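Here's the letter readout for the chains.
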Amino acid sequence: MKLLVLPGDGIGPEITEATLAVLDRASAKYKLGLEWDIREIGFAALKARGSTLPEDIQEAARKAPGIILGPVSHLDYPPREQGGINPSGWLRVQLDLFANIRPAKSRMGVGLTGKPMDLVIFRECTEGFYGDRNMFMGRGEFMPTEDVAIAVRKVTARQCQRISRVAFEWARRRRKKVTAVHKANVLHMSDGLFLREVRKVAGEYPDVELDEKIIDAMAALLVRIPDRFDCIVTGNMFGDILSDEASEISGGLGLAGSTMTGDDACCAQAQHGSAPDIAGQDRANPVSLILSSVMLLEWLAAKHGRPEFDAAAKAIEKAIDDSLQSPDTRTPDLGGKLGTRAYTRHLTGLI
C-alpha cells in the first residue's frame, strides 16, 4: 500500500522523516507492506513550480489510499492567483474530509490542571466561518467598503448529521457520552440547526448520553473538569479553538494527534503549526504527526479489513507512552534533552 506523503514547510520535513522511520519499523515488524509517494508542497513547490499544491499532487491525493501531511505555513502563502493554495483546506473540501478528529489525552500521567484527560473532539471542518472552504465559488468573506469586513457562516443539516454520527459511533466504543458544543443562545439559526441535527442523530443511539454546552462555558469546563468529557462534537471554528485548548491542557500540542477523515479518504495531519523558528535545528517533537499516522493506520485497518494495521498502531502508541514516562527520553518542549533524530531512534527501538 503506497501512501502519499507531503512533508510541508518549516519543521514539516524533519517530523515527516521521523514519522516515516517509525512507520517503516512498524511496517517491517507487522508486515504492512507500506510504501511512500513523497511529494514536495508548500514554499518549496511554490519556488520550483509556481504553486504550493501543484495539480499533479492534487490528482495524486485523489487517488491515494491515505495521506500524511506535514505542517504548512499557509498564513504566509501568497494569494491563490499567485499560486498560494492551503493544502489542508484544499484536501478537506476536494476529498470531502469533513471530520477533523482530535484526541486529547494526558500521556504523562495528568494534564496541566493536575487531572487526567482522555477525550476526543470532532470538528466539522468544511463549513462554518472559514472563508477559504465554505463557498462553491469565491470566499465566504468580503469588504463592501475599506472599513467594513463581513464574514459568512455556512452550516448545513447534512454536514451536522455526518459529524454527529462520527462522534456517536466513537462514543459507543468509548465511554458512551457525547457533548455538543454550540452558541445557539446567540447564533439562533445556524447553531439552532446544528443542535437540531445532533439531537436527531442522538435518537439513533439510545445507549449514548447527549450533553449540550455553550462554547464559552465549555472552554472553562475543559480547564476545571476535563475528566468529565468523552466525545465532543462541534462546528469548525469552535472545534479548532477547543481542540488546541484541550491539547495544551493534556500536555501540549506536540502530543496531539489529528486526522481529517471522510467516508472514502483519510489524512494524518499534525495538530501544531510549522514552527519555522526551530526548523532545521533537530529540536522538533515528532509525536503529533506520529500519533496522527497511528490514527491513519487505525482508519486503514477498519476500511480495508487489515487487523495487522491495528496491531501496529497499538504498538506505536504504547512505545510513545513508554518513551514519555521519563524526562530523559523526551524532546526539549517536554522538558527533555533528546533531539528529533535521537528521540526517533529511541522510539523505533521500543516498537
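Placed above this text is the structure.
Residues numbered from 1 in each chain as written. Predicted model: local features only at pLDDT ≥ 70, side-chain atom pairs only at ≥ 80, totals over all residues. Heavy atoms only, no water.

Peer 1: Please set out helix α6 (residues 190–202) residue by residue, giving values where relevant.
Peer 2: Under the 1.5 Å per step criterion, the end-to-end length of α6 is 19 Å for 13 residues, consistent within 8% with the ideal 18 Å. Taken residue by residue, α6 has Ser190, Asp191, Leu193, Phe194, Leu195, Glu197, Val198, Val201 and Ala202 as its buried positions. Where α6 is buried, its residues touch α5 (157–173), β8 (177–182), β9 (209–214), β10 (231–234) and α8 (236–250). (Helix = DSSP H or I, 4+ residues; strand = E, 2+ residues; numbered from the N terminus. Expected span 1.5 Å × (residues − 1). Buried < 20%, exposed > 50% of the residue type's maximum accessible area, 1.4 Å probe, protein only. Contact = heavy atoms within 4.5 Å.)

Peer 1: Residue-level account of unusual backbone geometry, with values.
Peer 2: Negative phi values dominate among residues other than glycine, just as trans dominates among peptide bonds. We note that Asp96 has phi near 55°; this positive angle belongs to a residue other than glycine. Positive phi, close to 40°, is recorded for Ala275, a residue that is not glycine. Exposure remark for Ala275: the relative accessible area of 23% places this residue in the partly exposed category.

Peer 1: Could you give me a rundown of the packing of helix α1 (residues 12–30) against helix α11 (residues 340–350), with the residues and numbers involved?
Peer 2: Direction vectors running N to C along α1 and α11 enclose 15°, while the axes themselves pass 10 Å from each other. When the interaxial angle is binned, α1 and α11 end up roughly parallel. The hand of the α1/α11 crossing is right-handed. Contacts from Glu14, Ala18, Ala21, Val22 and Arg25 in α1 reach Thr340, Thr344, Leu347 and Thr348 in α11. Grouping the amino acids of the contact of α1 with α11 by side-chain chemistry returns 4 nonpolar, 3 polar and 2 charged. (Axes fitted to C-alpha atoms, helices over the stretch in contact; angles between N-to-C directions. Parallel < 35°, antiparallel > 145°, perpendicular 65-115°, else oblique. Left-handed = near helix turned anticlockwise from the far one by under 90°. Nonpolar A, V, L, I, M, F, W, Y, C, P; charged D, E, K, R; others polar.)

Peer 1: Outline the packing of aromatic side chains, listing residues and values.
Peer 2: The full count for this structure, using the stated rule, is 3 aromatic pairs. Ring centres of Phe43 and Tyr77 lie 5.1 Å apart, and the angle between their planes is 90°; this geometry places the pair in the edge-to-face category. On the criterion of sequence distance, the pair formed by Phe43 in helix α2 (residues 42–49) and Tyr77 in the loop between β3 (67–69) and α4 (87–94) is long-range, its members being 34 residues apart. On the numbers, 5.5 Å between centres and 70° between planes, the contact of Phe122 with Trp170 is edge-to-face. On the criterion of sequence distance, the pair formed by Phe122 in strand β5 (residues 118–124) and Trp170 in helix α5 is long-range, its members being 48 residues apart. The exposure class assigned to Phe122 is buried, which follows from its relative accessible area of 0%. (Phe/Tyr/Trp six-rings, centres within 6.5 Å; stacked < 30°, edge-to-face > 60°.)

Peer 1: Any chance you could break down the side chain of Thr340 for me, citing the residues and the numbers?
Peer 2: On the secondary structure map, Thr340 appears in helix α11. The buried category is assigned to Thr340, whose relative accessible area is 3%. For Thr340, the residues in contact, after removing those within four places along its chain, are Glu14, Ala18, Asp282, Arg283, Ala284 and Pro286.

Peer 1: Please provide a residue-by-residue account of the pattern of salt bridges, values included.
Peer 2: Under the criterion given, the structure shown has 29 salt bridges. Taking the shortest distance from any N to any O, the salt bridge between Arg174 and Asp118 comes out at 3.4 Å. Placement of the pair is Arg174 in the loop between α5 and β8 and Asp118 in strand β5, with a sequence separation of 56 residues. A relative accessible area of 25% means that Arg174 is categorised as partly exposed. Relative accessible area serves as the criterion here: at 30%, Asp118 is assigned to the partly exposed category. The salt bridge involving Glu197 is made with Arg196; its shortest N-O contact spans 2.7 Å. Each of Asp37, Arg39, Arg49 and Asp56 takes part in a single network of salt bridges with overlapping partners. (Salt bridge = Lys/Arg side-chain N within 4 Å of Asp/Glu carboxyl O.)

Peer 1: Explain the sheet that holds strand β11 (residues 259–261) to me, and be specific about the residues and the numbers.
Peer 2: Read across the open sheet, the 10 strands follow the order β2-β1-β3-β12-β11-β4-β5-β10-β8-β9; overall the sheet is mixed. Of all strands in the sheet, those with a lone pairing partner are β2 (35–38) and β9, marking the two edges. Pairwise comparison of adjacent strand axes, ignoring direction, gives a mean angle of 25° for this sheet. Pairing geometry for strand β4 (residues 99–105) and β11, over 3 bridges, is antiparallel. The partner of Ala99 across the bridge, within β11, is Thr261. Where helix α3 (residues 55–63) meets the sheet, it contacts β1 (2–6), β2 and β3, and its direction lies at approximately 140° from that of β1. Sitting on the sheet, helix α7 (residues 215–224) is in contact with β5, β8, β9 and β10, with an inclination near 105° to β9. (Pairing = 2+ DSSP bridges.)

Peer 1: Before we move on, could you go through the packing of α5 against α6 and cite the residues and values that matter?
Peer 2: Where α5 meets α6, the axes come as close as 8 Å, and the angle between the chain directions of the two elements is 45°. Classified by the angle their axes make, α5 and α6 are oblique. Crossing handedness for the pair α5 and α6: right-handed. Between α5 and α6, the residues in contact are Ala157, Cys160, Gln161, Ser164, Arg165 and Phe168 and Leu193, Phe194, Arg196, Glu197, Val198, Val201 and Ala202, respectively. The residue makeup of the contact of α5 with α6, split by class, is 8 nonpolar, 2 polar and 3 charged.

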